[in-house]
Amino acid sequence: MQDWILLLVLLAVMTAAYHLGRRRAVSGVGGPSQVHRLHSLPAYYGLYAALWAGLPALLLLALWTGLQDQLVLMLLQAQLPREMTAGLSEGRLGLLVNDIKNLASGAMVSTEVSPELQAAAAQYARLDRLGRWSMWVAVLALALGCGWIAWGRARPRFKARNQVETMVMAVMVIFSSIAILTTLGIVLSVLFESLRFFSMVSPLEFFFGTLWSPQTALRADQVGASGAFGAVPLFTGTLMVSAIAMLVAVPIGLLSAIYLSEYAPRRLRAVAKPVLEVLAGIPTVVYGFFAALTVAPFIRELGQSVGLDVASESALAAGLVMGVMIIPFVSSLSEDVINAVPQSLRDGSYALGATESETIKRVIIPAALPGIVGGVLLAVSRAIGETMIVVMAAGLAANLTANPLDSVTTVTVQIVTLLTGDQEFDSAKTLAAFALGLTLFAVTLVLNVLALHIVRKYREQYD
Amino acid sequence: MITTVEEIQRSTSTAMRSGELARVRESRETVGDYSVPDARMRCRDIEVWYGDKRAIHGVNLDLGRNEVLSMIGPSGCGKSTFLRCLNRMNDTIDGCRVSGSIQLDGEEIYDRALDPVPLRARVGMVFQKPNPFPKSIYENVAYGPRIHGLTTSKAELDALVETSLRKAGLWDEVKDRLEAPGTGLSGGQQQRLCIARTIAVSPEVILMDEPCSALDPIATAIIEELIDELRANYSIAIVTHSMQQAARVSQRTAYFHLGDLVEVGETNQIFTNPQHRLTEDYITGRFG
Amino acid sequence: MITTVEEIQRSTSTAMRSGELARVRESRETVGDYSVPDARMRCRDIEVWYGDKRAIHGVNLDLGRNEVLSMIGPSGCGKSTFLRCLNRMNDTIDGCRVSGSIQLDGEEIYDRALDPVPLRARVGMVFQKPNPFPKSIYENVAYGPRIHGLTTSKAELDALVETSLRKAGLWDEVKDRLEAPGTGLSGGQQQRLCIARTIAVSPEVILMDEPCSALDPIATAIIEELIDELRANYSIAIVTHSMQQAARVSQRTAYFHLGDLVEVGETNQIFTNPQHRLTEDYITGRFG
Amino acid sequence: RDSIYIVGSSTVFPFSTAVAETFGRNTDFATPKVESTGSGGGLKLFCAGVGVDHPDITNASRRMKASEFELCQEAGVEDITEVKIGYDGIAIANSREGERLDLSLRDIWLALAKDVPNEAGELVPNPYQTWNEVNPDLPEITIEVLGPPPTSGTRDAFVELAMEGGCKTYDFIKAMKQEDKSRYKAVCHGIREDGAYVEAGENDNLIVQKLVANPDALGIFGFSFLDQNADQVQGSKVDGVEPTFESIADGDYPVSRSLFFYVKNAHVGTIPGIAEFVAEFTGEQAWGPEGYLVDKGLIPLPEAMRAEVASAAQSFAPMSRP
Amino acid sequence: MTDQTPASAPHKRTIDAVNASLKRRRAKERRFRRLGAAAVALGLLFVALLFADIVGKGHTAFQQTYIKLPVVLERAQIDPEGSGSAEVIARANYLGIIRAALRAHFPEVTARRDKRALYQMVSVGAPQLLRDRVLADPALIGTTAEVWLLADDDIDMVVKGQIDRTLPESKRRVKDQTLGWIERLESEGRITKRFNTIFFTNGTSREPELAGIAGALAGSFYTLALTLLLSFPIGVGAAIYLEEFAPKNRWTDLIEVNINNLAAVPSIVFGLLGLAVFIGIFGVPRSTPLVAALVLTLMTLPTIIISSRAALKSVPPSIREAALGVGASSLQTQFHHVLPLALPGMLTGAIIGMAQALGETAPLLMIGMIAFIVDVPAGFTDPATVLPVQIFLWADSPERAFVERTSAAIMVLLAFLILMNLAAVLLRRRFERRW
Ligand SMILES: Nc1ncnc2c1ncn2[C@@H]1O[C@H](COP(=O)(O)OP(=O)(O)OP(=O)(O)O)[C@@H](O)[C@H]1O
Ligand SMILES: Nc1ncnc2c1ncn2[C@@H]1O[C@H](COP(=O)(O)OP(=O)(O)OP(=O)(O)O)[C@@H](O)[C@H]1O
Ligand SMILES: [Mg+2]
Ligand SMILES: [Mg+2]
Ligand SMILES: O=P([O-])([O-])[O-]
């Protein structure tokens, strides 16, 4: 609660710093009529002061709120009477402290309240208050101090714009590096388990084996008939399901995008685009039920009526429904970039006697290609990462097959089932999930590198 | 030394003369004979609106066979707008409405049943701002012939591309980088590329919106020679700001002013003996 | 009647004369004095590459104070490229590299430490293709003054916008639709809008790439008058295809040919007595 | 933290949450937070240590394993109370539009095992395609059984009770148990992978719906789903016994398993409400034959056992090493 | 069409060629256009189909069955001392009162077993509701009031026709006896269906008739608000930097590929990351909107970055030149000119990314969001669950009544999605333009 107030106060300090910085810069050149003699616009001097007043203090605030509790508890533990803490393990101490906290905050306590406990609770409340007050003081002092220094710098020759832009740029660089850090985090969080997995199962078997059998012993007292970790069927399954999904999503999505941006009346476009986007937000459970209970039986009956043997779970059913789900990735993103192709290019083509469709196919699509590929890549990515639909409609059997009417499973599905079922963290089985994750990561990386090169090759720069 | 539009307008109220001549000189109707016998294109009562703004006020004008018609007039007077009506290019502008009748060889082009595709294949256009496709130079020129299926073999297409680029005077500059993107050309080169692109489909009527604005005299000469040559078979309407150019290439000239077609007539006559005061003011304000 | 580039080149081998004169006439170095005392901008050994293609081959050229320098040359010879070096506009083109030294008032502009932002505020540019912002006409002109804090009140800004538009000869045409989008103007109007936008920030050096290409004679005259007026305080480099215009507005003229600066000198001298054969061919190929 | 933190089995989740809710409603304590992590995942979290950040109770649809107990001990989770709360019947059901089957354990094993004995008594890959090949009394329909994946506790129980039960009826295999335990397990626990057994994920509602759509298929799922969907699916008799509350509670129906929860004794008395929660769970109004858990599909323990377990649980008698 | 002299051979060729192929080209054009229209129609059809399916299954959940009984609210039982204190009134045995009312209405039911079945017709939540009613209106004490009591989910299912009364008894959960009581109550006009407010005000529950979506809704709200707050600025900032400022070299290629690749990482792996980093290292509390938002931010970032970059790419370079040419700094150029033009595409990215985040369950599995949490969260660090997880859990519940509630929850989620997107969609429409 208090933190919110502090945040508001900080905001007020920033606003004040903005105005003061601005004022100082303006008066430095002798009033508003002389602002052109400033290096930058007055607002930049204000922003500079405000950013300096705000950012370090915010950082401190974030750090402090993260650490305050631990600090207070440490202090509290140090001050607890000997007899209370004697012989307690760290975890139990934590429980004791929890009791004290509960008592202090007026929540229910588990045991009778002894006077010592009462005293400790009071002490805790004191410490907590102290911590909060020192936080206020520290944060505000930092804000005022930094703000004052920044304010002092707001002299006419000071390159405020450059400074502010450097700060903004730094923030953007930090933002960009989040992607890298995420990757790093992902790799690190699967790497060690993967290595452990590969120490149990030979990579050769994993990468080239064609039999994936989850029926391995998960526990010492459970023995499976076959334990095979050949990941090939999983990758072919992933490939097939994603390919089917793309076969649905890319034509429908792209054609929708084209129709909406080039042919459709405005009104339709304004409605249809957001409506299609809803497809991306329907929970996958819903798609899963739809695929398993509506599409799969339909395909099965259709197949049987023409004499085909269709498994009740088929890659086709899962792929089709997944394709529907990712339509908006293709349609909306493509629509935006198609819409952004300058009208002059359309005019140039029409003036030569091209029909709309020729213009679209030969001029607009090539010009919008990088963006379209971006959308398609996102869609593929989503297809690869999707689980629920596949589990519900394509089953879990790792068949190495090229028949879309067979049941297949995908890498992601296996990862999820292995990680959410009954697990044991030192059996090859659960570890396989990590190895699969890492491998998938590597495979998609290679595919993305290829995609980047292809896009580079066909990129057309207009204007 | 200079006559601004403002000054011209101010002078309207002061420099009045009397009688028939004065009436012609201040006419609200088009001065001169806007019709030609056996016209290729015949425009009647054209009005163009951009939203609420009327850009063209009831213009009548014919484009004859084998003639070059030049359109002149101060910037913003509606030349491009009018030109874009002739192949229904205005259809692509949101909020632009065209009324009146435009006939190509006796056929109403704003007829709902009419397909603009063959129309635009017959009435080609070079835009005021060069707009090459973001494709290779070769593809830019080959685009039209390809979609219309004008050639049957790669060799034929190559030859057509070469002739078109040659005619536009661009061949020598680009012959060894036909695969380079058309957008990486200089301004004047882009303009010539767009001309080459248009003539590659041999339209019957060619509309050119300031085709030489970014060209040096030599390139201009090449284009003018091209226009002269094309006239043998085609009809050409050209917007230009250079009265010298209008005089050099066109047989008839139309003078537009603030959305009105003020005067139209033989090029010679317009430049030597303009009837309307506005035309005269414009012509005599000429430099060079 | 016509001299194509090709013919010029062919003639090179045939029409050789001997002696000093011949050497000048066929010189590979720039003919004429490219430097001026107390230059505003001083360019030395400028080379520009687009990828592997060299568009400018070692050009030396000065731009003096209070002078108008015009650059002429056949389309594609590198005029725009050179002009864009002067305010580091080429930085924005992928794969474009510039080498050599360019100084503005003695300061190296390609210095890594130099901030291109104030540089571009000091060296303004009007581009060859008009590129108004997709904002209102008013915002187009007001943008520069706003970001540089040139005005302190709305009234002042309004006044500045009006003066700039007036100077560019556009005020009367747009005064009652200042809120209309700048992209909905005619070609020539857009060009003038871009000129107004540039002069609104009163740069010290103005680079104009064919500023009058889409303008009628009257509007051209207004711009030329503007240039003449600006010269009193500023330096101006102008690319033009109209030799008449170059003769009218500029004190010095530079002739470019295929990436080389072939000749530079007093405008009078260049047009009456060109030294280099290429210059002469270009000048005498003139029409009108 | 002033509320109880429970993790563990998804099978016990419906019961645990029902108790949690009632407990929250009827006492002044905060409603416990119950996470569904699976038995293994729950025990992993549970055994990570003592302290506010660690769960107080974990549910399991099987008994804690020795290795897990070790893990707990190492992390200082020494005293653990084990509470067995009842049974979960595992139904083998099909659509009401199909014929009700009467299966023996041996039929089940023969239909689903990876390898089955041929006439000569040698183990060969399972050749059976229809039920009547397994047992001439059964109808001639294709063997297609939708069941949980190997990561599920239900699957383990099914394998141990139904498959192994059927497998043991062959004496030569039973004999194997002494000689070669792992081979015995491999034979009895191996489920065929040729498509007759369809791993259908853990959503039992989905299996029910799939059975309705496909009357020839059989499905394996928890008894509560059979109870709730009695109008659509019917449970096959196993060894002549129909799956009902009574038959499962009496132990007549052979395929059922025990459900448990484990309490971290160290947290009792420090996290408010644990003792009261355990009392609620082990009270007759909850787990008795007329308690609300029965409505949720829990099969209660026999009366004597309930009394015994309840008193042990409420006194938090630590379990011994399993 | 033309009757030109043979001299005009070339153009004759053109128009002839055009006319010769026109029919075919027009047919192609029509086909293409129809294909486009069909694609849009198909897409919309899918939406309609899914909606119809969901609404068809779920709309009944917005109604709930109540049973009207005369309830004797004796002062002696509720407030014996007549203190009128809320605390005393709250303590009273309302379960007993309700049971007594049932017994009084069905005096013929005497066997223990039958009585139990009778009591079960009323929801276990009914006493609490009665208590609230009495607390709100203490004047009721001492009277016999006709009270609408919340019915049990089985009764609800029968009344709504989800349980077929014509089936033989053995195939139904509701036995003949109960059915008889229901029919009697119906004939007496003592059964009604009312708007199900409980569904919108309660947290989850194991009793379908008491289960509500409020907790999950609040959880989703906090989670997505935070996700949007983090992912949009970060995504757009990163996109601008990478597209416009970063030097184009191997390193930035690597980043680009890397971001594309992150989009392909299965969402559950982000859950692993969140578990290891946010919970494991930074000590963010489990099962909270905070940790969920952090994980979902990482998951949606690639979507936003990629679409933002595509949008930035499609802004014509001449706009940038124009701004730079009047001396705008590159950052000003971006924020004043490029960003507004690219905004529609960026918003699309945000819309899709947020939609995905709203519907995602898998990564939340790893960070303790699959949980039974009754209390409605009031902040970013309260234990919470989110809509898709609630849907996932309800879909996995055996009770028949949860089927319609699952669909109803999906409807709520979709309504949430549409509301969430509305602002973005309107904003996007404002900024869309062609040039
Ligand atoms: N972005 C680019 N990429 C590659 N080559 C280019 C690019 N821009 C220009 N060029 C080439 O560089 C040369 C010089 O171009 P520049 O635009 O400077 O010519 P210019 O003198 O301005 O011609 P014009 O009068 O036609 O505008 C030309 O050959 C042109 O094709
Ligand atoms: N898309 C548009 N929307 C609104 N008004 C427009 C649009 N295009 C042109 N106009 C207006 O219509 C009038 C005529 O424009 P047009 O482009 O025809 O002029 P123009 O004669 O070609 O001029 P220029 O010589 O400058 O190219 C001008 O006032 C212009 O501002
Ligand atoms: Mg025009
Ligand atoms: Mg140029
Ligand atoms: O979640 P389970 O361990 O009971 O399958």
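Residues numbered from 1 in each chain as written. Chains lettered and ligands numbered in written order. Predicted model: local features only at pLDDT ≥ 70, side-chain atom pairs only at ≥ 80, totals over all residues. Heavy atoms only, no water.

Caption draft 1: A look at a positive patch on the surface. A cluster of basic residues, A:Lys361, A:Arg362, E:Arg24, E:Lys28, E:Arg30, E:Arg31 and E:Arg34, forms a positive patch on the protein surface. Among the elements of the structure, α13 (356–385) of chain A together with α1 (9–58) of chain E are those that each provide at least two residues to the positive patch. Considering each element in turn, the positive patch owes the most residues, five residues, to α1(E). Along the chain, E:Arg31 falls in helix α1. (Patch = residues over 30% accessible without salt bridge, like charges linked within 9 Å, V, L, I, M, F, W, Y side chains within 5 Å. Areas by Shrake-Rupley, 256 points an atom, 1.4 Å probe, with all protein chains shown as cover. Salt bridge = Lys/Arg side-chain N within 4 Å of Asp/Glu carboxyl O. Lys, Arg positive; Asp, Glu negative; His and termini not counted. Charge placed at Lys NZ, Arg CZ, Asp CG, Glu CD. Helix = DSSP H or I, 4+ residues; strand = E, 2+ residues; numbered from the N terminus.)

Caption draft 2: Structural detail: the sheet that holds strand β3 (residues 68–72) of chain B. Residues and elements named next belong to chain B. If you walk across this open sheet you meet the six strands as β6-β7-β8-β3-β9-β10, and the pairing is mixed. Since the sheet does not close on itself, it has two edges, and those belong to β6 (123–126) and β10 (260–266), each with one partner. The mean inter-strand angle of the sheet, taken between neighbouring strand axes irrespective of direction, is 15°. Here five bridges tie strand β7 (residues 205–209) to strand β8 (residues 235–239), and the two strands are oriented parallel to one another. Bridging across to β8, Met208 finds its partner in Ile238. Together, β6 and β7 form the strand contacts of helix α8 (residues 187–199), whose direction differs from that of β6 by roughly 175°. (Pairing = 2+ DSSP bridges. Axes fitted to C-alpha atoms, helices over the stretch in contact; angles between N-to-C directions. Contact = heavy atoms within 4.5 Å.)

Caption draft 3: Structural detail: the interface of chain E and chain A. On the chain A side, the residues contacting the 92 residues of chain E number 100 residues. With both chains or domains summed, chain E and chain A bury close to 8200 Å², and 72% of this area falls on carbon and sulfur atoms. Counting the contacts that link chain E with chain A gives three salt bridges. Between E:Glu360 and A:Arg382 there is a salt bridge, and its shortest N-O distance comes to 3.8 Å. At the surface where chain E touches chain A, the tally comes to 15 residue pairs in polar contact (both at pLDDT 80 or more). Here the element with the most residues in the side of chain E that touches chain A is α1(E); it accounts for 20 residues. Here the side of chain E that touches chain A is composed, by residue class, of 59 nonpolar, 19 polar and 14 charged. (Buried area = accessible area lost by both parts, 1.4 Å probe. Polar contact = N/O pair within 3.5 Å; in protein donor to acceptor, adjacent residues only side chain to side chain. Nonpolar A, V, L, I, M, F, W, Y, C, P; charged D, E, K, R; others polar.)

Caption draft 4: View of the site of ligand 2. With respect to spatial proximity, 20 residues lie near ligand 2, and among them B:Ser75, B:Ser80, B:Thr81, C:Ser186 and C:Gly188 are the closest. Lying at an intersection of chains, ligand 2 is approached by residues of chains B and C. Side-chain polar atom of B:Ser80 to an oxygen atom of ligand 2: 2.4 Å apart, as the coordinates give it. Between ligand 2 and the protein, one listed contact pairs an oxygen atom with a side-chain N or O atom of C:Arg177 at 2.7 Å. Counting only elements with at least two residues in the shell around ligand 2, the list comes to β2 (53–63) and α3 (79–85) of chain B together with α8 (187–199) of chain C. Within the shell around ligand 2, the residues separate by chemical class into four nonpolar, 12 polar and four charged. (Near = heavy atom within 4 Å.)

Caption draft 5: Structural context of the coordination of the magnesium ion (ligand 3). Residues and elements named next belong to chain B. Only Ser80 (OG) and Gln128 (OE1) from the protein reach the magnesium ion (ligand 3) as donors, at distances of 1.8 to 2.2 Å. Remark: Gln128 occurs in the loop between β6 and α5 (137–148) and Ser80 occurs in helix α3; sequence separation between them is 48 residues. For Ser80, a relative accessible area of 18% gives the class buried. (Donors = N, O, S within 2.8 Å, 3.2 Å for Na, K, Ca; no water. Buried < 20%, exposed > 50% of the residue type's maximum accessible area, 1.4 Å probe, protein only.)

Caption draft 6: Structural context of the packing of helix α9 (residues 266–281) of chain A against helix α15 (residues 330–359) of chain E. Look at α9(A) against α15(E): their axes get within 7 Å of each other, and the N-to-C directions meet at 35°. Crossing of α9(A) against α15(E): the hand is right-handed. Between α9(A), through A:Lys273, A:Glu277, A:Ala280 and A:Gly281, and α15(E), the contact on the second element is made entirely by E:Thr348, E:Ile351, E:Ile352, E:Ala355, E:Gln356 and E:Gly359. Its residues assigned to classes, the contact of α9(A) with α15(E) shows four nonpolar, four polar and two charged. (Left-handed = near helix turned anticlockwise from the far one by under 90°.)

Caption draft 7: Examining the site of ligand 5 more closely. Residue and element names in this part refer to chain D. Near ligand 5 you find Ser9, Ser10, Thr11, Gly38, Ser39, Ser61 and Gly153, and these make up its full shell. With respect to ligand 5, the side chain of Ser39 contributes an N or O atom lying 2.5 Å from an oxygen atom. Within the contact set of ligand 5, an oxygen atom lies 2.7 Å away from a side-chain nitrogen or oxygen of Ser61. Summarising the interface, the protein chains cover 97% of the accessible area of ligand 5, which totals 200 Å² for the free molecule. Tallied by class, residues from the shell around ligand 5 come to no nonpolar, seven polar and no charged.

Caption draft 8: Spotlight on the pattern of salt bridges. All told, the structure shown has 83 salt bridges over all chains when counted by the stated rule. Its salt-bridge partner being C:Arg122, residue C:Asp105 comes within 2.9 Å of it at the nearest N-O pair. Separated by 17 residues along the polypeptide, C:Asp105 in the loop between β4 (96–104) and β5 (107–108) and C:Arg122 in helix α4 (residues 116–122) bring together distant segments of the chain. Of the residues examined, C:Arg122 reaches a relative accessible area of 25% and is grouped as partly exposed. Where salt bridges share partners, they join B:Asp38, B:Arg40, B:Arg65, B:Asp105, B:Arg122 and B:Glu204 into one cluster.

Caption draft 9: Summary view of the environment of E:Val291. Residues and elements named next belong to chain E. Its location among the elements puts Val291 in helix α13 (residues 289–313). For the pair formed by Val291 and Tyr66, sequence separation is 225 residues and the distance between their alpha carbons is 40 Å. Aside from chain neighbours lying at most four places away, what touches Val291 is Phe278, Ile279, Val284, Pro285, Arg286 and Ile367.

Caption draft 10: Summary view of the UniProt feature "transmembrane region" (unreviewed entry) in chain A. Residues and elements named next belong to chain A. Within the UniProt annotation, "transmembrane region" (unreviewed entry) is assigned to residues 45–67, 133–151, 171–192, 234–258, 278–299, 311–330, 363–384 and 431–455. Segment residues 363–384 splits into 100% helix and 0% strand. End C-alpha atoms: 31 Å apart. Span residues 431–455 is 100% helix and 0% strand, its end C-alpha atoms 36 Å apart. (UniProt positions renumbered as here; feature names shortened; annotations may be inferred.)

Caption draft 11: Here's a closer look at the interface of chain B and chain A. The interface of chain B with chain A comprises 26 residues on the first partner and 23 residues on the second. When the two sides are added together, the surface that chain B and chain A hide from each other amounts to roughly 1900 Å², 60% of it contributed by carbon and sulfur. By the criterion of area lost to chain A, the three top residues of chain B are B:Pro134, B:Tyr143 and B:Ile147, representing 30% of everything that side buries. For the interface between chain B and chain A, the tally reads two salt bridges. Measuring nitrogen to oxygen at the nearest pair gives 2.6 Å for the salt bridge that ties B:Asp94 to A:Arg266. Our count for the contact surface shared by chain B and chain A stands at seven residue pairs in polar contact (both at pLDDT 80 or more). At the level of elements, α4 (116–122), β6, α5 and α8 of chain B are the ones that each hand at least two residues to the side of chain B that touches chain A. The leading source of residues in the side of chain B that touches chain A is α5(B), at five residues. Residue composition of the side of chain B that touches chain A, by class: 12 nonpolar, eight polar and six charged.

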